[in-house]
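Topology and contacts: notes
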Amino acid sequence: MFVILRVGHTASDALANELIAHFPRNRPDATPKSVEIVAKLPKTRSGKIMRRVLRANTWVWTLVISRLWTINCSLVLKGSPNQ
């Protein structure tokens with residue numbers, strides 16, 4: 001499970017364990033195995049969360065996606081010459 005903290009909260013192992021403790025113990029299928037606290041979630045241009053990037057869980061994917069996002073945003077802002 002990936003979590004984005006609100007302003008004023010700090011990430012810690014104790015907080016991650018506390019979040020896991022909020023799930024019912026009688027439902028092991030619904031309890032997350034781990035909690036990862038992240039600054040932001042990778043999203044597509046339409047705002048959907050990119051689950052494949054979260055599943056890959058590598059910094060390389062994050063760098064690639066952020067670079068592609070930067071290139072795409074600059075193209076959209078500049079406008080295409082074909083439009």
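Here the structure is a predicted model, which means the values were calculated and not measured.

Things to note about the overall build of the chain
The secondary structure content of the chain amounts to 3 helices and 2 strands. When the helices and strands of the chain are placed in sequence order, the string is β-α-β-α-α. Looking at the chain residue by residue over its 83 residues, the buried ones come to 11%. For the chain, the accessible area works out to roughly 7,300 Å², and carbon and sulfur atoms hold 57% of it.

Thoughts on the environment of serine 12
Tracing the backbone through its elements, the reader meets serine 12 in the loop between β1 (2-4) and α1 (13-21). Along the sequence, serine 12 and isoleucine 37 sit 25 residues apart, while their C-alpha atoms lie 8.5 Å from each other. Reaching out from serine 12, the side chain makes a polar contact with the backbone nitrogen of leucine 15 at a distance of 3.2 Å.

Some words on the environment of glutamate 18
Considering the arrangement of structural elements, one finds glutamate 18 in helix α1. The class of glutamate 18 is partly exposed, set by a relative accessible area of 48%. Distance in space between the C-alpha atoms of glutamate 18 and valine 35 is 9.9 Å, their sequence separation being 17 residues.

What to know about the confidence of the model for the chain
As a note on interpretation, predicted positions should not be read in detail where pLDDT is low. Looking at the chain as a whole, its pLDDT mean stands at 75, while 67% of the residues score no less than 70. Of all helices and strands in the chain, the one with the weakest mean pLDDT is helix α3 (residues 59-78) (62), whereas α1 scores best (86).

What counts, and at which threshold
- Residues numbered from 1 in each chain as written.
- Predicted model: local features only at pLDDT ≥ 70, side-chain atom pairs only at ≥ 80, totals over all residues.
- Heavy atoms only, no water.
- Helix = DSSP H or I, 4+ residues; strand = E, 2+ residues; numbered from the N terminus.
- Buried < 20%, exposed > 50% of the residue type's maximum accessible area, 1.4 Å probe, protein only.
- Areas by Shrake-Rupley, 256 points an atom, 1.4 Å probe, with all protein chains shown as cover.
- Polar contact = N/O pair within 3.5 Å; in protein donor to acceptor, adjacent residues only side chain to side chain.
- pLDDT = per-residue confidence, 0-100.

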